[in-house]
Amino acid sequence: MADPSSYRPSPGQIPDSPGVYKFRDEHRRVIYVGKAKNLRQRVANYFQDLANLHPRTRTMVTTAASVEWTVVSTEVEALQLEYTWIKEFDPRFNVKYRDDKSYPYLAVTLNEEFPRVQVMRGAKKKGVRYFGPYGHAWAIRETVDLMLRVFPVRTCSAGVFKNAARTGRPCLLGYIDKCSAPCVGRVTPEEHRELAEDFCDFMAGRTGTYIRRLEKDMMQAAEEMEYERAARLRDDAEALKRAMEKSAVVLADATDADLIAVAEDELEAALQIFHVRGGRVRGQRGWVTDKVEAVDTSGLVEHALQQLYGEERGDAVPKEVLVPALPEDTEAVSQWLAERRGSQVSLRIPQRGDKKDLMATVQRNAQQALGLHKTKRASDLTTRSRALEEIAEALGLDTAPLRIECYDISHLQGDDVVASMVVFEDGLARKSEYRRFQIKGFEGQDDVRSMHEVIGRRFKRYLQEKERTGEWEEPQVTAPGATGPAPATPGVTGPVPGATGPAPAAPGATGPAPATPGVTGPVPGATGPAPAAPGHTGPTPGVTGPVPAPVLTAASPADEIEPREDDGRPKRFAYPPQLVVVDGGQPQVAAAKRALDELGIDDIAVCGLAKRLEEVWLPDDDDPVVLPRSSEGLYLLQRVRDEAHRFAITYQRAKRAKRIRSSPLDDVAGLGETRKQALIKHFGSVKKLRQATIEEICEVPGIGRRTAESVAAALASTAPAAPAVNTATGEIMEEDDGGAS
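Residues numbered from 1 in each chain as written. Predicted model: local features only at pLDDT ≥ 70, side-chain atom pairs only at ≥ 80, totals over all residues. Heavy atoms only, no water.

**Notes on the environment of Ile14**
Phase 1: Note that Ile14 resides in the segment before β1 (19-25).
Phase 2: Counting along the chain gives 29 residues from Ile14 to Val43, while the straight-line C-alpha distance between them is 8.1 Å.
Phase 3: Not counting chain neighbours up to four residues away, the residues in contact with Ile14 comprise Pro9, Leu39, Arg40, Val43 and Trp69. (Helix = DSSP H or I, 4+ residues; strand = E, 2+ residues; numbered from the N terminus. Contact = heavy atoms within 4.5 Å.)

**Overview of a nonpolar patch on the surface**
Phase 1: On the surface, Leu172, Tyr175 and Ile176 cluster together into a nonpolar patch covering about 350 Å² of accessible area.
Phase 2: Its place among the elements puts Tyr175 in helix α6 (residues 172-175). (Patch = residues over 30% accessible without salt bridge, like charges linked within 9 Å, V, L, I, M, F, W, Y side chains within 5 Å. Areas by Shrake-Rupley, 256 points an atom, 1.4 Å probe, with all protein chains shown as cover. Salt bridge = Lys/Arg side-chain N within 4 Å of Asp/Glu carboxyl O.)

**What to know about the packing of aromatic side chains**
Phase 1: This model, assessed by the stated rule, comprises 14 aromatic pairs.
Phase 2: Grouped by ring-pair contacts, the aromatic residues Tyr7, Tyr21, Phe23, Tyr32, Tyr46 and Phe47 constitute a single cluster.
Phase 3: Positioned over the ring face of Trp85 is Lys22, at 4.0 Å from the centre of the ring.
Phase 4: A cation over a ring is seen here: Arg154 above Phe161, with NZ or CZ 4.8 Å from the ring centre. (Phe/Tyr/Trp six-rings, centres within 6.5 Å; stacked < 30°, edge-to-face > 60°. Lys NZ or Arg CZ within 6 Å of the ring centre and 35° of its normal.)

**Thoughts on the environment of Phe199**
Phase 1: When you line up the elements, Phe199 lands in helix α7 (residues 189-203).
Phase 2: Sequence separation between Phe199 and Val108 is 91 residues, and the spatial gap between their C-alpha atoms is 8.8 Å.
Phase 3: Those residues in contact with Phe199 that lie beyond four places of it in its chain are Leu106, Val108, Val117, Val144, Met147, Phe151 and Val153.

**Focus on the state of the cysteines**
Phase 1: Per the counting criterion, the structure on display carries zero disulfides.
Phase 2: Here Cys183 is not disulfide-linked; the sulfur of Cys179 is the nearest cysteine sulfur, at 6.1 Å. (Disulfide = S-S within 2.5 Å.)

**Overview of unusual backbone geometry**
Phase 1: Unlike most non-glycine residues, Asp426 shows phi in positive territory, near 55°.
Phase 2: Even without a glycine there, the phi angle at Asp620 is positive, about 65°.
Phase 3: Along the chain, the position of Asp620 falls in the loop between β20 (615-617) and α16 (632-660).

**Structural notes on the packing of helix α10 (residues 297-309) against helix α11 (residues 330-341)**
Phase 1: Packing of α10 against α11 brings their axes to within 12 Å, and their N-to-C directions diverge by 10°. Relative to α11, α10 is oriented roughly parallel. Along the contact surface, α10 presents Glu302, Leu305, Gln306 and Tyr309, while α11 presents Val333, Trp336, Leu337 and Arg340.
Phase 2: Taken together, the residues of the contact of α10 with α11 sort by class into five nonpolar, one polar and two charged. (Axes fitted to C-alpha atoms, helices over the stretch in contact; angles between N-to-C directions. Parallel < 35°, antiparallel > 145°, perpendicular 65-115°, else oblique. Nonpolar A, V, L, I, M, F, W, Y, C, P; charged D, E, K, R; others polar.)

**Concerning the sheet that holds strand β6 (residues 117-120)**
Phase 1: Here we have three strands laid out as an open sheet, ordered β6-β5-β7, and antiparallel in their pairing. The open sheet has two free edges, formed respectively by β6 and β7 (129-131), since each of these has just one partner strand. Strand-to-strand twist across the sheet, computed as the mean angle between neighbouring axes with direction ignored, equals 30°.
Phase 2: Bridge analysis of strand β5 (residues 105-108) against β7 gives three bridges, and the strand direction is antiparallel. When the bridges of β7 are listed, Val108 appears paired with Arg129. (Pairing = 2+ DSSP bridges.)

**Notes on the packing of helix α3 (residues 75-89) against α10**
Phase 1: Between α3 and α10, the least distance of the axes is 10 Å, while the angle of their chain directions is 75°. In this view, α3 runs roughly perpendicular relative to α10, as classed from their interaxial angle. Contacts from Leu79, Glu82 and Tyr83 of α3 reach α10 at Glu302, His303, Gln306 and Gln307.
Phase 2: Of the residues in the contact of α3 with α10, the class split is two nonpolar, three polar and two charged.

**Topic: the pattern of salt bridges**
Phase 1: As enumerated under the stated definition, the model contains 29 salt bridges in all.
Phase 2: The salt bridge involving Glu68 is made with Lys22; its shortest N-O contact spans 3.4 Å. In this pair, Glu68 is assigned in strand β3 (residues 64-71) and Lys22 in strand β1, connecting sequence segments 46 residues apart.
Phase 3: Under the relative-accessibility criterion, Glu68 is labelled buried at 4%.
Phase 4: Accessibility expressed as a relative area gives 7% for Lys22, which makes it buried.
Phase 5: A salt bridge links Arg646 to Glu643, with the shortest nitrogen-to-oxygen separation between them at 2.9 Å. Here Glu643 and Arg646 lie together in helix α16, a separation of three residues that amounts to about one turn. (Buried < 20%, exposed > 50% of the residue type's maximum accessible area, 1.4 Å probe, protein only.)

Following this line, the structure appears as structure tokens:
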């Protein structure tokens, strides 16, 4: 735990202009990002008496090891830069709303020649029109099924569309008039796009025009005694009305608005959003977050607005946003929203009428979501805590293993040998930390040797990260009778007993003095030049004005040793686990332990989980630890082991499939996928390409003489595969591999 006074900047160093500040921990990870109208006042608040700070703020400042800031010209720029950094660094002490599921949207791909209507999840794509989100995908499909009667837009995949165009026959929807069948030319691309735009207009709330038009056409058909056509138009109008009924009218004045409600307690907060378009609720979603920072309702609302509209543009930002409490700087947030929309946005608290009543409904949904989440989490958290405690007790650990890494080896009869590393933190999978390895030290099947190699490679990287960041410095000591420094012993930080050479100098005694926050010149009294504070040399994403270099404060001892990456992002192998689990029994455990011992690492526990009887093996123990079958600890170890196995075998299969699909053309430098396909399409197969002359290869569009010579040389150096034989007839089959060999 760090003392905030050890990195506290002097008040004169902090500017009193708007800006964004970052707290970093001892590993240089960014752990908190905040913005301020006046940086001097805001940052100074974190360095008051710890007893006066909110418990969460106190935890943050004692976890941090340094603070730095960037000055911007306006509060709107500060808001945008704060959002950009939170998204980039994912700080652990910032409030982050996370969906408990990926909400589906109704999407119309207007960026395609023939727009398609489909259900889409995940990140939004440019040129696609989205409606929603919806609570369930089946709700979207029901709505689309009703609307295809009137707007027969394409819904098929690209493969189905191309196949129909090739065969000249539409799919089933084309035959039952729920698709206009542009694949076979029943409508032109322009006519189909007009249908798609009408579909979008209806979904956007402009419904009256289409229903009135259908009813008018229905009456006209009846007058002309075209009763079958009139009946169909009647059914179409009813289908549109049923689609409209699925989203009830809540605001009579056809308002476009988002209503945001927050339910919170001391530890968590639930957020609910209703998306109202054309006076109807077109979508709903909810988030739950841990209150990892001291934040009130207005702060929660501000964070929600950043995450809700940070990636949106145009009509995706509504004209009106109704909230339970206004952000601290309402004017700056409103201006930021207006810039994203391209026109004025009203940000306010509803006071009366239908909007206030609807806000009460959204608030009840938020309260219910928070209650449901707390009930589920109480069970999950209790179970995970008990599982970690049982593992610690069974393995004789001092503390519960909050970070567990598990390793597994996968291969197919000794080919394509790979390994996986999965990470569980606090009993939950941390997929961003997963890693995979190719076995490089040898060829063939040897799981024990593979495990030794993987553990050694992983923890060598860990030690390299520690050395690079200055968390562990190799001692320079002289062995008895030696004339030079003895090699460093991992984990040894003091002089070796009996050494005759001088002990290591105290840090900073004769070397460069540590950098003083905000000072770029020499430090008075220092014996060497002070290193310059790292600058910010490139443009800052999301900031429209010039951003000066950040002023760094309180350089940690690591800065005195050597420069290092301080971008704040999580490093690949910088964080050690409390427990290493290997998939296997005593031999694999011994190999993992030996790899750690060779690196001088003795503070990481190792165990193995054998599949046969689910026994837990420890190093140097002849008998396994047997956990009860009903043990939560055993269940967690099984989950970790099974996840490592899944991750390893997925990688191994992908690697094998890539090898099977390989072609001699892959070895030709500068030959991309497009030109490979052009060669195969021109000659028909690799066999015929191998028989072609350089002049014939040059005839392929895009292939020059130098490339043709490289192709011919690569194919000449590769022996053709043995001919395939039909075992039933004995017939030798001609090679026609289409590019694989």
